[in-house]
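Here are the chains, one letter per residue:
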Amino acid sequence: MATDGVDRRIFAEELAVEAGELALSYREKDGLEVRAKGVLDWVTEADLATEQLIRRRISEAFPDDQFLGEEGGSDAPLVGTGHATWVVDPIDGTTCFVSRLPSWCVSIACVDGRGHPFLGVVRDPTGAETFSAQRGDGVTVNGQRVSVPAKGITDGLVGVGHPRNSPDQPTLSFLRGLFAVGGLFYNSGSAALALAYVAAGRLVGFYESDLRAWDALAGEVLIRESGGWSTRFMRDGSLTTSKPVLAANRGSTSALWDLAGDTLDGCEPPV
Ligand code: IPD
Ligand code: CA
Ligand code: CA
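Source: prediction; values computed, not measured.

Draft legend 1. How the structure looks around the sheet that holds strand 7 (residues 105–111). Ordered in space as 5-6-7-8-9-10-11, the seven strands form an open sheet in which the pairing is mixed. Unpaired on one side and paired on the other, strand 5 (66–69) and strand 11 (144–145) mark the two borders of the sheet. Across three bridges, the pairing between strand 9 (residues 129–134) and strand 10 (residues 139–141) is antiparallel. Across the sheet, F131 pairs through a bridge with V141, a residue of strand 10. Against the sheet, helix 5 (residues 191–199) touches strand 6 (85–92), strand 7, strand 8 (117–124) and strand 9, its axis set at about 105 degrees to strand 8.

Quick look at the structure:
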C-alpha cells in the first residue's frame with residue numbers, strides 16, 4: 001500500500017530506526033525526566049519526544065492518515081473512516097528503558113481503512129534489529145527474510161507478560177498450565193518485542209491477559225506473516241479497548257490455546 005509513491009513499509013522501517021536513535025540518545029543523558037503514571041508505570045521525556053517525532057513524520061508523509069499513539073492518543077475517529085491509521089508505541093518497555101535494561105523497542109503498526117492491520121515494524125535500538133512485515137510479503141529481520149520452523153511448546157520459551165493493574169488470575173493460571181506441561185516462560189518487559197521474537201522463531205509463543213493496540217498490532221502482523229497464529233486485536237472492532245493477546249508458533253498453537261483459550265473471549269479458535 002503506497003501513497004504518492006511513498007512505500008509505507010520502507011517508510012515505517014526507516015522511521016522506526018530514526019525514532020529508536022532519538023530514544024537511545026535520551027537514555028544516555030544524565031537526569032532523564034521521568035514521571036510516574038502508576039506503580040512501575042513511567043513515562044519519560046524520551047517517550048514523549050519519540051512519539052512526537054513519529055507523529056510529525058507520518059503527518060508529513062501521509063497527511064490523510066490517522067494516528068493513535070500511547071502517549072498522545074488520537075484526535076480523530078479511528079475505524080471505518082476509510083483512512084489508514086498508524087498505531088504507535090514510541091517506547092514499549094519503558095520500565096526496562098528507565099532501568100537501563102536492553103529490552104525495549106519502538107513499535108509501529110498500520111491498520112487499513114476497514115480496520116485490518118497490514119503493516120508491523122518493531123525496532124530494537126539496543127540490539128540494532130528491525131523486525132518488519134507487510135500483509136502477504138513475509139517477515140524480515142534487518143532486511144533478511146526469515147523462515148520459521150514449527151516448534152512445540154517445550155521446544156523453546158514462551159513469552160509471558162503481566163499487565164499492571166489487572167487481575168493476577170489469568171496470568172497465574174496460564175503459568176500453572178505451562179509448568180504442568182513442562183514449559184518455561186520468558187518475560188522481556190516489552191510485549192511488542194516478545195511478539196517480534198515469536199515471529200522470528202526465538203520464542204514459541206506469547207501470552208498477556210490485557211494489552212493495548214500499540215503493544216499488540218505490529219506483533220500480530222509479524223506473527224501472521226511468519227506462518228504463526230495470533231489472536232486478532234480488532235476482533236471487537238475497536239482499536240481503543242484493551243484485551244488478552246495470545247500468539248504462537250505454528251507448532252504450538254493448539255497447546256497454547258488449551259492453556260489460554262478460555263480467557264480469550266470472542267476469539268476464533270485456531271483451525
Ligand atoms: C508495557 C510493556 C510490558 C507489558 C505491559 C505494557 P509500556 O508497555 O509492553 O511488557 O507487560 O502490559 O503496558 O508501558 O512499557 O509501553
Ligand atoms: Ca506498551
Ligand atoms: Ca510505551
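Draft legend 2. Seen up close, the coordination of the calcium ion (ligand 2). Within the protein, D89 (OD), D92 (OD) and D215 (OD) serve as the donor atoms for the calcium ion (ligand 2), at 2.1 to 2.2 Å. All donor residues of the calcium ion (ligand 2) come from one chain, and their arrangement in sequence is D-x2-D-x122-D.

Draft legend 3. Structural view of the packing of helix 4 (residues 169–180) against helix 7 (residues 253–260). Between helix 4 and helix 7, the least distance of the axes is 8 Å, while the angle of their chain directions is 135 degrees. By the angle between their directions, the pair helix 4 and helix 7 is classed as oblique. In this structure, helix 4 meets helix 7 at a crossing whose hand is right-handed. In contact with F174, G177 and L178 of helix 4, helix 7 contributes L256, L259 and A260. Here the residues of the contact of helix 4 with helix 7 sort into five nonpolar, one polar and no charged.

Draft legend 4. Broad picture of the coordination of the calcium ion (ligand 3). Within the first shell, the calcium ion (ligand 3) binds the protein through E70 (OE), D89 (OD), D89 (OD) and I91 (O), at distances of 2.2 to 3.1 Å. Binding-site remark: the calcium ion (ligand 3) is held by donors from one chain whose sequence spacing is E-x18-D-x1-I. Metal-to-metal, the separation of the calcium ion (ligand 3) and the calcium ion (ligand 2) is 3.7 Å; D89 coordinates the two. One end of the pair, E70, is in the loop between strand 5 and strand 6; the other, I91, is in strand 6, and 21 residues separate them in sequence. Residue class for E70 comes out partly exposed when judged on its relative accessible area of 24%.

Draft legend 5. Highlighting the site of ligand 1. Around ligand 1 sit 15 residues, and of these D92, G93, T94, G189 and E208 come closest. A distance of 2.7 Å separates an oxygen atom of ligand 1 from a polar side-chain atom of D92. Protein chains bury 89% of the 380 Å² of accessible surface belonging to ligand 1 in isolation. Of all the elements in the fold, those that place two or more residues in the shell around ligand 1 are strand 6 and strand 14 (205–211). For the shell around ligand 1, the leading source of residues is strand 6, giving three residues. By residue class, the composition of the shell around ligand 1 is four nonpolar, five polar and six charged. Looking at which domains feed residues into the shell around ligand 1, each of domain 1 (2–145) and domain 2 (157–263) supplies at least three.

Conventions used here
- Residues numbered from 1 in each chain as written.
- Chains lettered and ligands numbered in written order.
- Predicted model: local features only at pLDDT ≥ 70, side-chain atom pairs only at ≥ 80, totals over all residues.
- Heavy atoms only, no water.
- Pairing = 2+ DSSP bridges.
- Helix = DSSP H or I, 4+ residues; strand = E, 2+ residues; numbered from the N terminus.
- Contact = heavy atoms within 4.5 Å.
- Axes fitted to C-alpha atoms, helices over the stretch in contact; angles between N-to-C directions.
- Donors = N, O, S within 2.8 Å, 3.2 Å for Na, K, Ca; no water.
- Parallel < 35°, antiparallel > 145°, perpendicular 65-115°, else oblique.
- Left-handed = near helix turned anticlockwise from the far one by under 90°.
- Nonpolar A, V, L, I, M, F, W, Y, C, P; charged D, E, K, R; others polar.
- Buried < 20%, exposed > 50% of the residue type's maximum accessible area, 1.4 Å probe, protein only.
- Near = heavy atom within 4 Å.
- Polar contact = N/O pair within 3.5 Å; in protein donor to acceptor, adjacent residues only side chain to side chain.
- Areas by Shrake-Rupley, 256 points an atom, 1.4 Å probe, with all protein chains shown as cover.
- Domains from an automatic or database assignment.

Functional significance is not addressed by these values, which are geometric in nature.
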